[in-house]
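Survey of secondary and tertiary structure
For reference, the chains in residue letters:
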Amino acid sequence: RKLATPASPAGSRKPAAGDQNPMAAVATSLNSACARCWTAGNPPCWRTPVAARLWGRRSLIVRAETKTADTAKRNVAARAHKKETQEEAMDRRLRESAQVDERVEYVSNLDELKQQLRAAGNKLVVLEIMSDRVCETGMDEEAELHWKLDAEKERARKLEACSRIKHVFARTARECPDSVFLSVMVGEGEERTHPLLQVLGVERLPTIQFWRQGELLWEQSGSMGMEQGVGEGMLFYGNTAAGGEDATNYIKDLHSQAELDAWLASQPPGTLSVLDFATSCKPCMKVFPAVLALAKNFQGYVSFARILGDEGPEAETVMMDFNVIEVPTFVFFRDGKEANRHVGSSRGDLIGKILEMQAQAGIAPPPPPPAAKRKPAARSKRAPRKTAGV
């Protein structure tokens, strides 16, 4: 017995001959009851011959579409995990660097450098001094390495390290619009004679320098650790974390005794407040990313602030009033009064001191951040060990 031509559901239209969706063509061939619950996957009239054939056709279409989608996902994943060759990586870095050329100003003489520093005002200025032909690690035994290793391979390895540094510099310029980025490119044969090298006191290439208001804050010479040093310098002096995140959202920057008093007065009763006394020293810079991580994880549990003692006379006076001799020094306050202090750049010791003080006050530590789910390690099947005489 043949079914009557099914009525189209309300709001539906008859599919045109050129429709690209096979599911729509199948759905419109069913009666209104089937069409209404088609997307739910529940065939109320599957016992009728026409509906049974259509339902079977629908299953084939679903399986085909699912297989196509899975194949597309696998192709995307394969492209994402494809390992770049050295040439492809170099091309990609060059393309990305070209996108941020407008953020990096190139200077070639002292007058241009002075002009850029004046125009920057109070902004942080990051200056890179590099060469396309020379890349020194900054290690004292570097001359000895040339005797022990293949000179050409060693030179290629070093130049690749400088290429990565330049990529990091370009990416940082893109993510930090509030800072000024300058570059001095030393040409071939100018590695020791370029006029700016003597003025800036540069002894190794590459060198990264951080300036503000015409004064040199800090520099790092040699490629060893420079990729990390660029990020640490931007965080320490520019308050800019990875991805352009503002560190002052978690660590308050203080510059005078009046600002310190206001910050302490704003803390809720019983809050543990940690003040980081630092200067432009390497240990202070190295520990600051850890301090930022603590400030993020301990929100609502501990409050953090920082004073750079060498940024101006007012900050220096505050450091002297607190009798800070070594840096970094972390002074703990509760209810506006100093409760304790910790000296050193060990993150573990700092965490331990914070937890100890909170435990003494009867305050439970915050819950740990959610850990990433890890797949259980597969157990390797090993043959049973045989002992002697067995």
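It should be noted that the structure appears before, not after, this text.
In this report, we go over the structure that sits alongside the text.

Reading guide: rules and limits
Residues numbered from 1 in each chain as written. Predicted model: local features only at pLDDT ≥ 70, side-chain atom pairs only at ≥ 80, totals over all residues. Heavy atoms only, no water. Phe/Tyr/Trp six-rings, centres within 6.5 Å; stacked < 30°, edge-to-face > 60°. Helix = DSSP H or I, 4+ residues; strand = E, 2+ residues; numbered from the N terminus. Buried < 20%, exposed > 50% of the residue type's maximum accessible area, 1.4 Å probe, protein only. Lys NZ or Arg CZ within 6 Å of the ring centre and 35° of its normal. Pairing = 2+ DSSP bridges. Axes fitted to C-alpha atoms, helices over the stretch in contact; angles between N-to-C directions. Contact = heavy atoms within 4.5 Å.

Comments concerning the packing of aromatic side chains
Evaluated as defined, the whole model comprises eight aromatic pairs. Look at phenylalanine 169 and phenylalanine 181: their rings are 5.5 Å apart centre to centre, the planes differ by 85 degrees, and that puts the pair in the edge-to-face class. Remark: phenylalanine 181 occurs in strand β3 (residues 180–186) and phenylalanine 169 occurs in helix α7 (residues 151–175); sequence separation between them is 12 residues. Residue phenylalanine 181 is classed as buried on the basis of its relative accessible area, which comes to 0%. Geometrically, the ring pair formed by phenylalanine 277 and phenylalanine 322 is tilted, given 5.4 Å between the ring centres and 45 degrees between the ring planes. Of this pair, phenylalanine 277 sits in strand β7 (residues 272–278) while phenylalanine 322 sits in the loop between α12 (313–321) and β9 (329–334), placing them 45 residues apart in sequence. The same class applies to phenylalanine 277 as to phenylalanine 322, namely buried. Chaining the aromatic ring pairs together yields one cluster made of Phe210, Trp218, Phe236, Tyr237 and Phe288. Seen from the ring of phenylalanine 236, arginine 306 lies directly overhead, with NZ or CZ sitting 5.0 Å from the centre. The ring of phenylalanine 288 carries the charged tip of arginine 306 above its face, separated from the ring centre by 4.3 Å.

Some words on the sheet that holds strand β8 (residues 302–308)
Pairing is mixed in the open sheet, where five strands are placed in the order β6-β8-β7-β9-β10. Each edge of the open sheet carries a strand with a single partner, namely β6 (251–254) and β10 (337–343). For this sheet, the mean inter-axis angle between neighbouring strands, taken without regard to orientation, is 25 degrees. Sheet topology note: the β9/β10 ladder contains six bridges and is antiparallel. Looking at the pairing, arginine 334 lines up with lysine 337 of β10. Packed onto the sheet, helix α10 (residues 257–265) meets β6, β7, β8 and β9 and runs at close to 150 degrees relative to β6.

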